[in-house]
Amino acid sequence: MARTPSRLARPSAGDRLASPPALSKDSQVAAEVKATMDRMSKRFPVGLRYDIPFDTTRFVEVSIEEVAITFAEAILLVVLVVFLFLQSVRAMIIPVIAIPVSIIGTFAGMYLLGFSINLLTLFGLVLAIGIVVDDAIVVLENIYRFIEEKGMTAREAAVEGTKEIGLAVLATTFSLVAIFAPVGFMTGIVGRFLKSFGLTMAFAILVSLFVSFTLTPAMSAGWLRIKPGRRDDEGVHDSRHSRFFGPLDRIYTAMLMWCMAHRRIVSVATVLVLLSSVGLFRLVGVNFIPQDDQSEFDVSMRAPEGTSLDATQVMANRVATAIRRLPEVDYTLVSIAGDNAGTPNSASIYVKLKALDGRRRDQFEVQADVRANILPPFIKNGVRASIGAGGFGGGVQYVLQGPDLKVLQRAAQQLVQKARTIPGLADADSNLNAGRPEMSVRVDRAKAADLGVQIGDAAEALRLLVGGDQVSTYNEGGEQYEVHLRAEAKDRSSDAAVATLPVPSTRLGSVSLDNVATFERTTAPADI
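Summary of the structure given here. Bear in mind the structure is a predicted one, so any value in this text is a computation, not a measurement. Residue indices follow the written sequence of each chain, beginning from 1 at its first position. pLDDT decides what is reported in this predicted model: residues at 70 or higher carry local features, side-chain atom pairs at 80 or more are listed and counted, and totals for whole chains, interfaces and linings draw on all residues regardless. Here the side-chain values reflect all heavy atoms present in the structure, with hydrogen atoms and water set aside.

A word on a nonpolar patch on the surface. On the surface, Val-471, Tyr-474, Tyr-481, Val-483 and Leu-485 cluster together to form a nonpolar patch covering roughly 420 Å² of accessible area. The secondary structure listing takes helices from DSSP runs of H or I that are at least 4 residues long and strands from runs of E that are at least 2 residues long, numbered from the N terminus. Of all the secondary structure elements, the ones that give two or more residues to the nonpolar patch are β9 (469–476) and β10 (479–485). Broken down by element, the residue count for the nonpolar patch peaks at 3 residues, all from β10. With respect to the helices, strands and loops of the structure, Tyr-481 is situated in strand β10. Residue class for Tyr-481 comes out partly exposed when judged on its relative accessible area of 39%. Residues enter patches when their relative accessible area tops 30% and they take part in no salt bridge; the joining distance is 9 Å for like charges and 5 Å for the nonpolar side chains Val, Leu, Ile, Met, Phe, Trp and Tyr. Reported accessibility uses the Shrake-Rupley method at a 1.4 Å probe radius. Residues are deemed covered only where the shown protein chains occlude them. The term salt bridge refers to a side-chain nitrogen of Lys or Arg lying within 4 Å of a carboxyl oxygen of Asp or Glu. With a 1.4 Å probe rolled over the protein chains alone, any residue whose accessible area is under 20% of its type maximum counts as buried; one over 50% counts as exposed, and the rest are partly exposed.

Structure below.
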C-alpha cells in the first residue's frame, strides 16, 4: 500500500492504494479488497463513505465480458454457416458442441502451464474460437459426403471419412501449431509478453485436433440421419446439386476452368499481389501494443527542482481543475510525491473518463486536448509533463551512460530536443533530474578553532535546526508523543537566515554560523 498526499475531486478525500507487486491474480485480489471494504464500511461513522476511483481490474472484467459476447457470436455464426451448407439440424449441433469442449480443454492446458486469465490469454481464446471449429467442420463435411455420395451408414462414414481426411487435417493443424508454438519460446520483452498468447493458441489448436478425431466422428456416427443422394431422369438429387449449391458450384467451376486455361496470367497476378504487400506494409502503422480506450489515463508532472510539496500540490490541483472542465471527464485523483522516493516536486493526476456511450471523443482525443491546451502554460514555467499510463517511460526509450554527469546531462538534453522534432513523438523527456538547488556550507577551520567551534558541533547544529530531529517524548492522557526540534521556517528559508543560526562554542557559548563558514549556491542531482 502506497500512502501519499492525495485529493479526489469530489466532496471527499482519501489515499491511493498501489497493488502489491508480482500478483498474477489481480482480479481476485481486487474482489477480496472490495469485500473487505464493504464489511468495514458497515462500521464507519455516520456521513463517512468510501469510493474506489482507481481500479485496473475493471478493464480486464470488461475484456472477459467481450470474450463471452464473442464466444456467443462465434457459436451463432457457426450454427448459421453449418446449417446453410449442410442443411441439417443434427449436423449443425456437432461443431457447435466442439467449440466449448475445445475451449474447456484449453483452460485445462492454461492451468497446467500456470497461465492466468489476462488480456493476452483472452486474446488467444478469442482468436482460437474461430480456429478450433475448423477441424471439426472439415471432418464433419467429409463424413457427410461419404453418407450422401457413397451411400454408407453413419458409422461406416465416420470411420472411412475420418481416415481419408485425417492426413490433411493433421497437416493443416500442425502448420498452425508451427506458427504459434515458437511465439511461446521467444526471448526478450516480446517473448515475455507473447508467451502466454502463443502457447494458449498452440494448445487450443491441438485440443481441437483431438476433438475432431474423437468427439466429432463419434457424434456423427450416432447423430447424423442423412438420406443418400440419388440420380434419376430429372438429374442428381443431393446437397451439391441443390438450388443453393448448384449455382455456386457452377460459378466456381467456371472460375477454376478459366484460371487453369490462363495460368500465366494468374501466376503474374499472384506475383504482383505478393510484391505489393511490401509497399502496403510501409503504409500500415506499426505499434508495439494496440491502443485501447480504457476510459482512464494518467498525467505525470514534475515541477522544477527545489519546488516544495505545497507548491507542487497547488500546481497539480490547478491542472486537475482544468482537466475536470472537459465534458468527457468524470473525476480526477491527484497524488503528490507518490513515487518510490517520495519526490516532493512530483505529481500524478489520475483522470477517469465517462463511459464510452456517454462521451463524443475517445480517450486519445481527450489526451491530445490536455497535451495541446492545458499543459503548455505549465510547461513554459519549467514543469515537465507526460500523458499515458503513468511515469516518464514512453513507447521508445534510449539509455545513456557515462562517468561525467555534466556531459551526460548535455547529451540527454540534445537527444530530447532532437526527439521533439520527430513527427509522431510526444512527451519526449529525460529521467536525469539534475539542477536541484542546494546551499554549500564551507567551514573555515582556522576561524572555527579560534572561536572554539568544533566542526562536528557546527554540522550537528545545522542539521538539527534546518532538517529537524526528534529530541524527546512526553506522555499525556495515556498517549506518548514525540517532540521534534527545528528552527522556524523564517529562520531557515533564506541564505541570511541560515547564516545567523547559532552554533556552540567552547569559548563564547555560541556564535553565528557566518562567523566560521562561507556559503555558496550550487546545484546537484535530485536523485542518487
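Here a Phe, Tyr or Trp ring, Trp counted by its six-membered ring, pairs with any other such ring whose centre lies within 6.5 Å, and the pair is stacked when the planes are under 30 degrees apart, edge-to-face when over 60, and tilted otherwise. The tally for this structure, following the rule as stated, stands at 2 aromatic pairs. For the pair Phe-180 and Phe-197, a centre-to-centre distance of 6.1 Å together with 80° between the ring planes defines the contact as edge-to-face. One end of the pair, Phe-180, is in helix α5 (residues 154–180); the other, Phe-197, is in helix α6 (residues 188–223), with 17 residues separating them in the sequence. Seen from their ring centres, Tyr-474 and Tyr-481 are 5.4 Å apart, and the 25° between their planes marks the pair as stacked.

This paragraph deals with the pairing of strand β6 (residues 346–353). When you tally the buried positions in β6, you get 8 out of 8 residues, the bulk of the element. Pairs of strands are assigned from DSSP output, requiring at least two bridges between the strands. Pairing of strand β4 (residues 296–302) with β6, which is carried by 7 bridges, proceeds in the antiparallel orientation. Paired with Met-301 across the strands is Ala-347, a residue of β6. Bridge analysis of strand β5 (residues 329–336) against β6 gives 7 bridges, and the strand direction is antiparallel.

The next thing to look at is the packing of α5 against α6. Whenever a helix is involved, its axis is fitted only over the stretch in contact; in every case the axis is a line through C-alpha atoms, and angles between N-to-C directions fall within 0 to 180 degrees. Two elements in contact, α5 and α6, have axes whose closest approach is 9 Å; the angle formed by their N-to-C orientations is 175°. By the angle between their axes, α5 is roughly antiparallel relative to α6. Residue-level inspection shows Ala-154, Arg-155, Ala-158, Thr-162, Gly-166, Val-169, Leu-170, Thr-173, Phe-174, Leu-176, Val-177 and Phe-180 of α5 in contact with α6, the latter providing Phe-197, Gly-198, Met-201, Ala-202, Ile-205, Leu-206, Leu-209, Ser-212, Phe-213, Pro-217, Ser-220 and Ala-221. Charged residues are taken to be Asp, Glu, Lys and Arg, nonpolar residues to be Ala, Val, Leu, Ile, Met, Phe, Trp, Tyr, Cys and Pro, and polar residues to be all remaining types, Gly included. Its residues assigned to classes, the contact of α5 with α6 comprises 17 nonpolar, 6 polar and 1 charged. Each angle gets one of four labels, with under 35 degrees taken as roughly parallel, over 145 as roughly antiparallel, 65 to 115 as roughly perpendicular, and the rest as oblique. Between two residues, a contact is recorded if the distance between any of their heavy atoms is within 4.5 Å.

This part takes up helix α8 (residues 263–283). Here a helix's expected span is defined as the number of its residues, less one, multiplied by 1.5 Å. With 21 residues, α8 ought to run about 30 Å at 1.5 Å a step, and its terminal C-alpha atoms sit 31 Å apart, in line with that. At Ser-277, α8 shows its strongest bend, of approximately 25°. With 0 of its 21 residues buried, α8 lies for the most part at the surface. Here the bend at a residue is taken as the angle between two axes, fitted respectively to the seven residues that end there and the seven that start there.

Contact geometry for helix α3 (residues 89–113) and helix α4 (residues 119–150): axes closest at 9 Å, N-to-C directions at 140°. In terms of orientation, α3 lies oblique with respect to α4. Here the hand of the crossing between α3 and α4 comes out right-handed. For the pair α3 and α4, contact is made by Ala-91, Ile-94, Pro-95, Ala-98, Ile-99, Ser-102, Ile-103, Thr-106, Phe-107 and Met-110 and by Thr-121, Leu-125, Ile-129, Val-132, Val-133, Ala-136, Ile-137 and Leu-140, respectively. Its residues assigned to classes, the contact of α3 with α4 shows 15 nonpolar, 3 polar and no charged. Handedness of each helix crossing follows the sense of rotation of the near helix against the far helix: counterclockwise by less than a right angle gives left-handed, clockwise gives right-handed.

A few words on the pairing of β9. As judged from the 7 bridges shared by β9 and β10, these two strands associate in the antiparallel manner. By the bridge assignment, Glu-476 is partnered in β10 with Glu-479.

The next thing to look at is the side chain of Thr-332. Tracing the chain through its elements places Thr-332 in strand β5. Definition of a polar contact: a pair of N or O atoms within 3.5 Å, with one able to donate and the other able to accept a hydrogen when the atoms are protein atoms, and with sequence-neighbouring residues admitted only if both atoms are side-chain atoms. A polar contact is formed between the side chain of Thr-332 and the side chain of Arg-324, at a distance of 2.9 Å.

Inspection of the entire model under this criterion finds 4 salt bridges. Residue Glu-164 is joined to Arg-145 by a salt bridge in which the shortest nitrogen-to-oxygen separation is 2.6 Å. A residue pair is termed long-range when its members are at least 10 positions apart, and Glu-164 in helix α5 and Arg-145 in helix α4 qualify at 19 residues. Arg-361 is the salt-bridge partner of Glu-328, the closest N and O atoms lying 2.9 Å from each other.

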